[in-house]
Amino acid sequence: MDLSRPRCRVWRELVLVASLLACGIRQASSQIYIAPDSLIGVERYSSSLAVENAPEDVQEYSWHRGANDTEENLIISYNTTSHSRRDGPMYSGRESVSIRGTLRIWRSQLNDTGNYTVRVDTISDTQKATGWLEVRELEIPQISVNTTSVVDGEDAVAATCYTNDSHIQWYVNYVPVSGNYRMTISPDNKTLVIRMFGRFDSPLQCGIEILPELIQKSDLVYVTVAYGPYSLLLSSSPTDFNGILSAEIGSQVEMECISYSRPESKYRWIHNGSILSFSEKNITLPSLTWDQMGRYRCIAENSATQVTLYEEVHVQAPWHRPVVSRSFTISGSLLVLLIIFIVLGFTHFLAVLIRALFRHYSTRGLLTGILTVGSAVQPVSGPPTPLPWVGSGKFDYFPALTSNWILPGGPYAVLKPLS
């Protein structure tokens, strides 16, 4: 394009303006500045002023208090070549400079508020920038509750957070919470009500956001929660089985009640219906007697929750199975007497048996025996004659037959065999 022609004069002027703007933009883009240019800090917390858009050939960073970079206003400087630091008249001992030139003020105070100027020295140039730091007073929210003592799962607790900030976060047992079926937060976020307050709902705390992602919390408030006894365990030595404790007379017996309660349960012991005089959770019988046998009841009571539990154990002597000897010995004289008694007993038994059989078979047996030998009998009169003993069973053999035998059924006369 030929810019020397008149019609091209307008284009030439436009190109010149564009060149100047580009140069200005490059110059502006290379100017250092402090980020952020208006920083808000909080006392007791660190505040940082960072240098942005610094050249790559920086030789030294110098930070000054105020809008001027005079030597009397110097806080601290850092030489990037020698990695050395120089403290100035305004150095308080709480300032430091990083290798990137960032000024860090530790444990900021209210009098740290003001202008801060940084001077950046390069090989061929020096640039300056000024920023403002405002350190605000640290606000610590306060918290209070309507009561500090409740019964587990029965009472409600209302907590109030005292602060000018409206962005309040509530913490229950160190965990951030929002409203739910038990917890209600007021529209201004300053009041938290917890119904059916439990032992895992303590402690309470509120917090406010003093800086982005920086929460300042109140002190912890603890609520004493009474609970239990939830369970009662009666342990013993020797160990009981199904509530039965077997112990030998003269042995040591120990019993202990264990309950989970707050405040600590109070204990009472009852022995066979009588209240014992001590109220400890354990009882020791160093030498068990017969009077100490029987049923023991341990009672655990919580005066705050009005809950009472009890457990029982029955102390008794162990049951011994009788021991039967499987072997025995008999002396010589006793053995002789035993043999005699056995013989006499057996003889008496045989006599009784023979007599019983004789009575049962006397009539039928005698007649059968007589008929066997071909004899006949008939009753006769006259005085009876005793019948000789001829044995038992059927009579296959008869002794000398005599007349007038006394047989069952009357006297009989023995006749000769019939021809």
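Residues numbered from 1 in each chain as written. Predicted model: local features only at pLDDT ≥ 70, side-chain atom pairs only at ≥ 80, totals over all residues. Heavy atoms only, no water.

By the naming in an unreviewed UniProt entry, the protein goes by Ig-like domain-containing protein and is assigned to Rangifer tarandus platyrhynchus.

Describe the overall build of the protein, and please don't skip the residues or the numbers.
On a plain count of helices and strands, the protein comes out with two helices and 31 strands. Put simply, the protein has 419 residues, and 31% of those count as buried. When contacts within the protein are restricted to residue pairs at least 6 apart in sequence, long-range pairs at least 24 apart make up 56% of them. Carbon together with sulfur atoms contributes 57% to the accessible area of the protein, which is approximately 26800 Å² in total. (Helix = DSSP H or I, 4+ residues; strand = E, 2+ residues; numbered from the N terminus. Buried < 20%, exposed > 50% of the residue type's maximum accessible area, 1.4 Å probe, protein only. Contact = heavy atoms within 4.5 Å. Areas by Shrake-Rupley, 256 points an atom, 1.4 Å probe, with all protein chains shown as cover.)

Break down unusual backbone geometry for me, citing the residues and quoting the values.
The omega torsion of the bond from G228 to P229 falls at 0 degrees, within 30 degrees of zero and hence cis. Within the secondary structure, P229 sits in the loop between β20 (224-226) and β21 (232-237). Along the chain, R262 connects to P263 via a cis peptide bond; the corresponding omega equals -5 degrees. At Q306, a position not held by glycine, the phi torsion is positive, near 60 degrees. Inspection of the secondary structure puts Q306 in the loop between β27 (294-302) and β28 (307-316).

Please set out the sheet that holds strand β5 (residues 74-79) residue by residue, giving values where relevant.
Pairing is mixed in the open sheet, where six strands are placed in the order β2-β10-β9-β4-β5-β6. Both outer strands of the open sheet, β2 (38-42) and β6 (84-87), are each paired with one neighbouring strand and no more. Averaged over all adjacent pairs, the angle separating strand axes in this sheet is 20 degrees, with direction ignored. In this structure, β5 lies alongside β6, joined through four bridges in antiparallel fashion. Paired with Y78 across the strands is R85, a residue of β6. (Pairing = 2+ DSSP bridges. Axes fitted to C-alpha atoms, helices over the stretch in contact; angles between N-to-C directions.)

Provide a residue-level description of the sheet that holds strand β19 (residues 214-217), including the pertinent values.
Pairing in this open sheet of four strands is antiparallel, and the strands run β15-β14-β18-β19 from one edge to the other. At either margin of the open sheet sits one strand with a lone partner, and together these are β15 (175-177) and β19. Looking at each pair of strands side by side, their axes are set apart by 45 degrees on average, direction ignored. Note that strand β18 (residues 204-211) and β19 share four bridges and pair antiparallel. In the strand pairing of β19, I208 is matched with Q216.

For the UniProt feature "transmembrane region" (unreviewed entry) in the protein, give the residues involved together with the corresponding values.
The positions that UniProt labels "transmembrane region" (unreviewed entry) are, in the present scheme, residues 334-358. End-to-end, the C-alpha atoms of residues 334-358 are 36 Å apart, and along that stretch the chain is 100% helix and 0% strand. (UniProt positions renumbered as here; feature names shortened; annotations may be inferred.)

Which residues make up the nonpolar core, and what values go with them?
In this structure, I143, V157, W170, V172, I194, F197 and L204 are the most contacted members of the largest nonpolar core, which totals 23 residues. Broken down by secondary-structure element, the contributors of at least two residues to this core are β11 (142-145), β13 (157-162), β14 (168-172), β17 (191-194) and β18. Top contributing element to this core by residue count: β18, with four residues. When residues no more than four places from it in sequence are discounted, the contact partners of L204 are I143, V145, V157, A159, Y171, V172, I194, F197, D219, L220 and V221. (Core = buried A, V, L, I, M, F, W, Y, C linked by side-chain atoms within 4.5 Å.)

Lay out the environment of L204 with the relevant residues and their values.
Examined against the element boundaries, L204 turns out to sit in strand β18. Owing to a relative accessible area of 1%, L204 belongs among the buried residues under this scheme. Between the C-alpha atoms of L204 and I143, which are 61 residues apart in sequence, the distance is 8.5 Å.

Outline the state of the cysteines, listing residues and values.
Taken as a whole, this structure holds two disulfides when the rule is applied. Two residues, C161 and C206, share a disulfide whose sulfurs are 2.1 Å apart. Disulfide C161-C206: the torsion about the S-S bond is 70 degrees, which places it as right-handed. Separated by 45 residues along the polypeptide, C161 in strand β13 and C206 in strand β18 bring together distant segments of the chain. C257 shares a disulfide with C298; S-S distance 1.8 Å. With C257 in strand β23 (residues 253-259) and C298 in strand β27, this pair connects stretches of sequence that are 41 residues apart. Given a relative accessible area of 0%, C298 falls into the buried group. Once the disulfide-bonded cysteines of the protein are ranked by sequence position, their pairing pattern turns out to be 1-2, 3-4. (Disulfide = S-S within 2.5 Å.)

Help me get a handle on the environment of M183, residues and values and all.
The residue M183 is located in strand β16 (residues 183-185) in this model. On the basis of relative accessibility, which here comes to 6%, the residue M183 falls in the buried class. Taking the C-alpha atoms as reference points, M183 and V193, ten residues apart in sequence, are found 5.6 Å from one another.

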